[in-house]
Amino acid sequence: MNPTIKLPSFVLFIALILGLSSCSSNRFLYGTHKIAKSQDTLYLKQRIAQIKSISPSVFEAGTFIGKSTPTIKYRLLQPQKKKNDQQKYPLVIVFHGSGATGDDNINQLGVMAKLWADPQIQQKYPAYVLAPQFPGRSSNYVLDSSRNVLKSIPQPCLNTALELIDSLKRTLAIDVNRIYVIGFSMGASSVINSLSARPDLFAAGVSISGIPEFTHVKTLADMPIWLMHGDLDTENPGDSDQQFYKEVSYKNKTRFWLFEGTAHNDIMSIPILGESIPKWLFKHRKN
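Residues numbered from 1 in each chain as written. Predicted model: local features only at pLDDT ≥ 70, side-chain atom pairs only at ≥ 80, totals over all residues. Heavy atoms only, no water.

**Comments concerning the overall build of the protein**
Here comes step 1: Across its full length, the protein holds nine helices and 11 strands.
Here comes step 2: Out of the 287 residues belonging to the protein, those deemed buried represent 49%.
Here comes step 3: Taking contacts inside the protein between residues at least 6 apart in sequence as the whole, the part at least 24 apart equals 76%.
Here comes step 4: When the accessible surface of the protein is totalled, it reaches about 14200 Å², and 53% of it is carbon and sulfur. (Helix = DSSP H or I, 4+ residues; strand = E, 2+ residues; numbered from the N terminus. Buried < 20%, exposed > 50% of the residue type's maximum accessible area, 1.4 Å probe, protein only. Contact = heavy atoms within 4.5 Å. Areas by Shrake-Rupley, 256 points an atom, 1.4 Å probe, with all protein chains shown as cover.)

**Side note on unusual backbone geometry**
Excluding glycine, residues mostly have negative phi values, and the peptide bonds linking residues are mostly trans.
Here comes step 1: A positive phi is found at asparagine 105, a non-glycine position, where the angle reads about 60 degrees.
Here comes step 2: Summarising the element assignment, asparagine 105 is placed in the loop between strand E4 (89–95) and helix H3 (111–114).
Here comes step 3: Phi at asparagine 148 takes a positive value of approximately 60 degrees, unusual for a residue other than glycine.
Here comes step 4: Positionally, asparagine 148 belongs in the loop between strand E6 (139–144) and strand E7 (149–154).
Here comes step 5: Classification of asparagine 148 by relative accessible area gives exposed; the value is 58%.

**Let's talk about helix H5 (residues 156–171)**
Here comes step 1: Here H5 spans 24 Å end to end across 16 residues, near enough to the 22 Å set by a 1.5 Å rise per residue.
Here comes step 2: Considered for burial, the residues of H5 that qualify are Cys157, Leu158, Thr160, Ala161, Leu162, Glu163, Leu164, Ile165, Asp166, Ser167 and Leu168. (Expected span 1.5 Å × (residues − 1).)

**Here's the deal with the sheet that holds strand E2 (residues 60–64)**
Here comes step 1: If you walk across this open sheet you meet the nine strands as E1-E11-E10-E9-E8-E4-E5-E3-E2, and the pairing is mixed. Of all strands in the sheet, those with a lone pairing partner are strand E1 (31–35) and E2, marking the two edges. On average, adjacent strands in this sheet sit at an angle of 20 degrees to one another, irrespective of strand direction.
Here comes step 2: In this sheet, strand E11 (residues 254–259) lies alongside E1 in parallel orientation, the contact comprising five bridges. Bridging across to E11, lysine 34 finds its partner in leucine 258.
Here comes step 3: Set on the sheet, helix H6 (residues 186–197) makes contact with E4, strand E8 (174–184), strand E9 (204–208) and strand E10 (225–230); between it and E8 the angle comes to about 140 degrees. (Pairing = 2+ DSSP bridges. Axes fitted to C-alpha atoms, helices over the stretch in contact; angles between N-to-C directions.)

**A word on the pattern of salt bridges**
Here comes step 1: Under the defined criterion, the tally for this structure stands at nine salt bridges.
Here comes step 2: When the shortest N-O distance is used, the salt bridge between glutamate 247 and arginine 147 registers 2.6 Å. One end of the pair, glutamate 247, is in helix H8 (residues 239–248); the other, arginine 147, is in the loop between E6 and E7, with 100 residues separating them in the sequence.
Here comes step 3: Arginine 147 gets classed as partly exposed once you look at its relative accessible area, which sits at 26%.
Here comes step 4: Across the salt bridge formed by lysine 251 and aspartate 222, the nearest N and O atoms sit 2.9 Å from each other. In this pair, lysine 251 sits in the loop between H8 and E11 while aspartate 222 sits in the loop between helix H7 (217–220) and E10, placing the two residues 29 residues apart along the sequence. (Salt bridge = Lys/Arg side-chain N within 4 Å of Asp/Glu carboxyl O.)

**So, the confidence of the model for the protein**
Reading predicted coordinates in detail is not appropriate for stretches of low pLDDT.
Here comes step 1: In the predicted model, the protein carries a mean pLDDT of 89, and the fraction of residues at 70 or more is 89%.
Here comes step 2: Segment residues 1–27: pLDDT under 50, and three contacts once partners within four positions in sequence are set aside and those in other chains are kept. (pLDDT = per-residue confidence, 0-100.)

**A few points about helix H2 (residues 41–52)**
Here comes step 1: Here H2 contains 12 residues, and its C-alpha end-to-end distance of 16 Å stays within 8% of the 16 Å for a straight helix at 1.5 Å per residue.
Here comes step 2: Every buried residue of H2 is listed here: Leu44, Arg47 and Ile51. Projected down its long axis, H2 shows its buried positions confined to an angular sector of 65 degrees, all on one face. Along H2, exposed side chains directed more than 90 degrees from the buried face belong to Leu42, Lys45 and Lys52.
Here comes step 3: Buried residues in H2 make contact with H3 and helix H4 (119–124). (Arc of directions from axis to C-beta.)

**Some points on the packing of aromatic side chains**
Here comes step 1: Applying the stated rule across the entire model yields 10 aromatic pairs.
Here comes step 2: Between tyrosine 89 and tyrosine 128 the ring centres are 6.4 Å apart and the planes differ by 85 degrees, which places this aromatic pair in the edge-to-face class. Remark: tyrosine 128 occurs in strand E5 (residues 128–133) and tyrosine 89 occurs in strand E4; sequence separation between them is 39 residues.
Here comes step 3: Under the relative-accessibility criterion, tyrosine 89 is labelled buried at 4%.
Here comes step 4: Here a set of aromatic residues connected by ring pairs shows up, and it is made of Trp116, Tyr125, Tyr180 and Phe282.
Here comes step 5: The positively charged end of arginine 137 is found above the aromatic ring belonging to tyrosine 141, 5.1 Å away from the centroid.
Here comes step 6: Cation over ring: arginine 178 sits above phenylalanine 282, and NZ or CZ is 4.9 Å from the ring centre. (Phe/Tyr/Trp six-rings, centres within 6.5 Å; stacked < 30°, edge-to-face > 60°. Lys NZ or Arg CZ within 6 Å of the ring centre and 35° of its normal.)

Written out as structure tokens, the structure is:
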């Protein structure tokens, strides 16, 4: 029989501190949070105007023809590199909502895409930023009869976007362990669809006011996902996200922010348009 080993008290103390620190970190990264509606509407309007004023020309225009149909146009923001820079950078994909569908290659550059082109954000969180424009809906919604909530179904143009990402991985200095995807509304639904279809590709995802899918919840439970939803959202009802969170949160990899007193198109607020999303995403990388 092995003798009982008594650890020095300072070792136990350090272990306790490290354990508490780890728990605190997990609480910060994951779990549920209620976000009070901001009363500082003037600052929010100024922040949105500042982001919108960023010229689309900082994003390079491109067209991609993949194995899937149809062809999609896209914009790409390059990270600010130093001369002879051999570093590899994260890739952030931003999926737009249904109101930006088309082929003008401009409407998809909303505040979520242009946020990454903000000089302070780009300096602190340099990354390639890809903003594809879908010619039609990238995800559709149907009723999940077993759960009595809406679920999303990916459309063919989303497969083309995934092929585009694979193509950029071969041609750009992308850190393949740090590929992130974010989106709003229909784009948020496509975030969950993409994570489900290609869990090998992404390190983390952010879904804002979307409708999730439930086909691969066990796989999605193992992925860092940040859900955001307004409690007054009637366009994409939040009960789908709440049901999704119930089914994936047991792995403690999911974060859910519920915005109080917030409708679908009012969710773009200071917590979203600051450093919160870049900071959270950049904490994650694929193993």
